[in-house]
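If you want the building blocks of each chain, they are given just below.
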Number of protein chains: 2
Amino acid sequence: MICSMLNIKYPIIQAGMAGGPTTPELVAEVSEAGALGTLGAGYMTPQQIETALRDIQQLTQSSIAVNLFLPQTYDIHKDAILGMQQYLNTYRVKLGITEVNNIPDMENLFEEQLATVIEAGVKIVSFTFEAPTKRLIEELHASEIIVIATATSVEEAIQLEANGVDLIVAQGAEAGGHRGTFLNVENESMIGTMALVPQMVDAVSCPVVAAGGIMDGRGMAAALALGAKAVQLGTAFLTVKESGAPNIHKQTILSSRDTDTKITKVFSGKSARGFKNTMMIDLENRISGNPPPYPLQHILTSDIRKEAAKQGNKELMSMWAGQASGLAKVGSAGDLVENLVGQCEDALQRISWI
Amino acid sequence: MICSMLNIKYPIIQAGMAGGPTTPELVAEVSEAGALGTLGAGYMTPQQIETALRDIQQLTQSSIAVNLFLPQTYDIHKDAILGMQQYLNTYRVKLGITEVNNIPDMENLFEEQLATVIEAGVKIVSFTFEAPTKRLIEELHASEIIVIATATSVEEAIQLEANGVDLIVAQGAEAGGHRGTFLNVENESMIGTMALVPQMVDAVSCPVVAAGGIMDGRGMAAALALGAKAVQLGTAFLTVKESGAPNIHKQTILSSRDTDTKITKVFSGKSARGFKNTMMIDLENRISGNPPPYPLQHILTSDIRKEAAKQGNKELMSMWAGQASGLAKVGSAGDLVENLVGQCEDALQRISWI
């Protein structure tokens, strides 16, 4: 089954959250606890990936995964970018950082990132934002690497399976962070986990991993009942001790309510779910239509979001979180894995109406 | 537990879908099968309710419920209504029905509807669209009537419990038909069932019923694992033999995909999930801001939707459905209840990773 396929004890995957939360300590602790730790390497340089993987491998011998973002094509509209920079300067001034008025250099590191991951001997790679091509999957299979990809609709899952993906993450509308949608992106259906998982399970023959709104063992039990073979959790791992998420982000999650998040494109150019704050609402009101496309807008807003996180200013940073963030707990990543398994068994035991 | 409270065998509620689907035969068959049948009486006159309840009571002695819409306050903007009528006349012409250019008479039948239900000896009443007041709930309790109400957020559930509701339906974003939202209606958070149920269960002490995206025993098992004490299904009951839904609606559900539905206000003035079609998209493009409020817009579009259903024209009617409609099956309502229970047990048995 999926546990022997991924060489793990429990069918739990820690989502590959890019941008800092997935420290080597988090990834290693998750895997040591019997789940699958994932390095969120989407924004990392090959050198950073190499270092992180070396650190992880010093902490654990267990199975780990790396998540990468597949490269995307996009148009560069200079005026829109410069206009955005100009507006973003109002935030930069507030935070006391240098104003920026240029078009950022864009470099695509995907090939080098992937080469680094393969070189380091990682045996599980997950992708988001596009369908990995047949050719890419064949190359990875030739290196005995298991390929995981994300789908937000049945149609996307069918395409991923046709391309040869080994395992599909069904990302429900509840999920925090970036949406993995790659078909009909402008008309996204936002299908809830409860509806998405059984339809996807019926449509593909490879194992489906449920993601979105799962925070504890009740959600894990529910996902398995729907036919998922494993669960993937992001938000739940953000508040654990080993997570590299900024403290203000952790605190906001721990005190959050079910209605606090929203899907927005303004931070990165791509739809993602995070806590409503001044920057989100302000930019949404200002931008008619779409902001510059991902990854451009991500780069444009990065310095602001990083500085705001450093200053503990939660109004000018992106704080990704799913719709069940209010169920987050503190503790170690190992505690979380253990609790998930224990509560899952309890939840299943508790069901009886006869 | 909930089954003895509602005097049913299985923790399954057939949603009180207004507008025709809940025929006396459907309600009676569901209750005869051991679940809770619900007459969707929101749009019925007191006389129609009386007749329907008499018919149901001739078919079954089992427990049934009636669903009513709580009255709402709204403003009447004559110009907006007349402008809407004028535009809707383009549809009326297409369908060959009489053009309408007036402001409809509005009468609020709620008090008479409720009196009829109490008079008929119904012991379970469910409400949507508002929080029933403490006073109303006390009156119903005095008649030994159990009160069910719908919440789409934890905050709404807390208010319902404070008012004295006996049982709360947690309506996830996946659900078909009208949203039960009554707080922050203009800024609805659309929380998925997977995220909503456990947070609501933790926040209130009365039993929570899960709704939204549940179509088969896998969904039922999942909902119970999340902590719900029962499930409520609407779309799944639309395609059964006893359902009064138009054939074209049934056929559309049976051939639907996960991405076919959308939330819209254009049919009734209130957010509801249904299949995308010409009338939905066309009106959404035409209306800037909101259509006339519910129930005005519902009344304005009613003749068109009824005639289109009669003509089998699926482009000019409202076809409510949830995001898992593609899992619908044909058969009797009794078969559906039996399958739900059997599949639920199977789904729970099948879970094992050790």
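Everything numeric in this text was worked out from a predicted model, so none of it was measured.

A.B. asks: Where do I start with the relation of the copies chain A and chain B in this structure?
C.D. replies: Superposing the two chain copies requires a rotation about an axis and a translation along that axis. For the pair chain A and chain B, the superposition axis carries a translation of 0.0 Å, the fit reaches an RMSD of 0.0 Å, and the rotation angle comes to 180°. The superposition operator between the copies reduces to a two-fold rotation axis. Of the C-alpha atoms belonging to chain A, the one lying closest to the rotation axis is found on Ala222(A), 1.9 Å away. By residue overlap, the copies meet face to face through one surface: 100% of the interface positions of chain A are interface positions in chain B.

A.B. asks: I tried to follow the packing of helix H7 (residues 154–163) of chain B against helix H8 (residues 193–203) of chain B on my own but got confused; where do I start?
C.D. replies: Helix packing geometry: the angle between the two helix axes and the distance between the axes. Residue and element names in this part refer to chain B. Look at H7 against H8: their axes get within 9 Å of each other, and the N-to-C directions meet at 35°. As H7 packs across H8, the resulting crossing turns out to be right-handed. The residues of H8 that touch H7, namely those facing Val 154, Ala 157, Ile 158 and Glu 161, are Leu 196, Gln 199, Met 200 and Ala 203. Partitioned by chemical class, the residues of the contact of H7 with H8 number six nonpolar, one polar and one charged.

A.B. asks: I would appreciate a short explanation of the sheet that holds strand E11 (residues 272–275) of chain B in the present structure.
C.D. replies: Think of a sheet as strands paired side by side through backbone hydrogen bonds, with each pair either parallel or antiparallel. All names here are of chain B. Taken in spatial order, the three strands line up as E7-E11-E10 in an open sheet, and their pairing is antiparallel. One side of each edge strand has no neighbouring strand; the edge strands of this open sheet are strand E7 (177–178) and strand E10 (261–264). With two bridges connecting them, E7 and E11 associate as antiparallel partners. Residue pairing across strands places Gly 177 opposite Arg 273, the latter belonging to E11. Those strands touched by helix H12 (residues 278–286) are E10 and E11, and its axis lies near 40° from that of E10.

A.B. asks: What exactly am I supposed to notice about empty space enclosed by the protein here?
C.D. replies: Picture a little ball the size of a water molecule; that probe, rolled over the atoms, points out where space is still empty. Residues and elements named next belong to chain B. The final tally for this structure, using the stated rule, is one cavity of 30 Å³ or more. A volume near 30 Å³ is recorded for the largest cavity. For the largest cavity, the full set of lining residues is Arg 179, Thr 181, Val 185, Glu 188, Lys 270 and Ser 271. Classifying every residue of the lining of the largest cavity gives one nonpolar, two polar and three charged.

A.B. asks: Just checking my understanding: could you explain the domain arrangement of chain A for this structure?
C.D. replies: Residue and element names in this part refer to chain A. Parsing chain A into structural domains produces domain 1 (2–71 + 108–244 + 328–350) and domain 2 (76–106 + 261–320). Computed over C-alpha atoms, the centres of domain 1 and domain 2 are 26 Å apart. With 15 residues of domain 1 at the contact, the number on the domain 2 side is 12 residues. Summing both partners gives a buried area of about 1100 Å² for domain 1 against domain 2, and 52% of it is carried by carbon and sulfur. Contact with domain 2 buries area across many residues of domain 1, yet Tyr 43, Gly 177 and His 178 alone supply 40% of it, more than any other trio. Where domain 1 packs against domain 2, one counts one salt bridge.

A.B. asks: Please clarify how the packing of aromatic side chains should be interpreted in this entry.
C.D. replies: How two aromatic rings sit relative to each other is given by the distance of their centres and the angle of their planes. Under the criterion given, the structure shown has 14 aromatic pairs over all chains. Between Phe69(B) and Phe129(B), the ring centres sit 4.5 Å apart and the planes meet at 25°, which makes this aromatic pair stacked. Here Phe129(B) lies in the loop between strand E4 (124–128) and helix H6 (134–142) and Phe69(B) lies in strand E3 (residues 64–69), a separation of 60 residues in the sequence. Residue Phe69(B) is classed as buried on the basis of its relative accessible area, which comes to 11%. One aromatic cluster in this structure is built from Tyr43(A), Phe69(A), Phe129(A) and Tyr294(A). Geometry around Phe129(B) places Lys270(B) over its ring, the cationic atom sitting 4.4 Å from the centre.

Calculation notes
Residues numbered from 1 in each chain as written. Chains lettered and ligands numbered in written order. Predicted model: local features only at pLDDT ≥ 70, side-chain atom pairs only at ≥ 80, totals over all residues. Heavy atoms only, no water. Least-squares fit on C-alpha atoms with pLDDT ≥ 70 in both. Contact = heavy atoms within 4.5 Å. Axes fitted to C-alpha atoms, helices over the stretch in contact; angles between N-to-C directions. Helix = DSSP H or I, 4+ residues; strand = E, 2+ residues; numbered from the N terminus. Left-handed = near helix turned anticlockwise from the far one by under 90°. Nonpolar A, V, L, I, M, F, W, Y, C, P; charged D, E, K, R; others polar. Pairing = 2+ DSSP bridges. 1 Å grid on protein atoms, 1.4 Å probe; cavity = no way out; pocket = protein on both sides within 12 Å on 5 of 7 lines; lining within 4 Å. Points joined across faces, edges and corners; volume = space filled by probe spheres on them. Domains from an automatic or database assignment. Buried area = accessible area lost by both parts, 1.4 Å probe. Salt bridge = Lys/Arg side-chain N within 4 Å of Asp/Glu carboxyl O. Phe/Tyr/Trp six-rings, centres within 6.5 Å; stacked < 30°, edge-to-face > 60°. Buried < 20%, exposed > 50% of the residue type's maximum accessible area, 1.4 Å probe, protein only. Lys NZ or Arg CZ within 6 Å of the ring centre and 35° of its normal.

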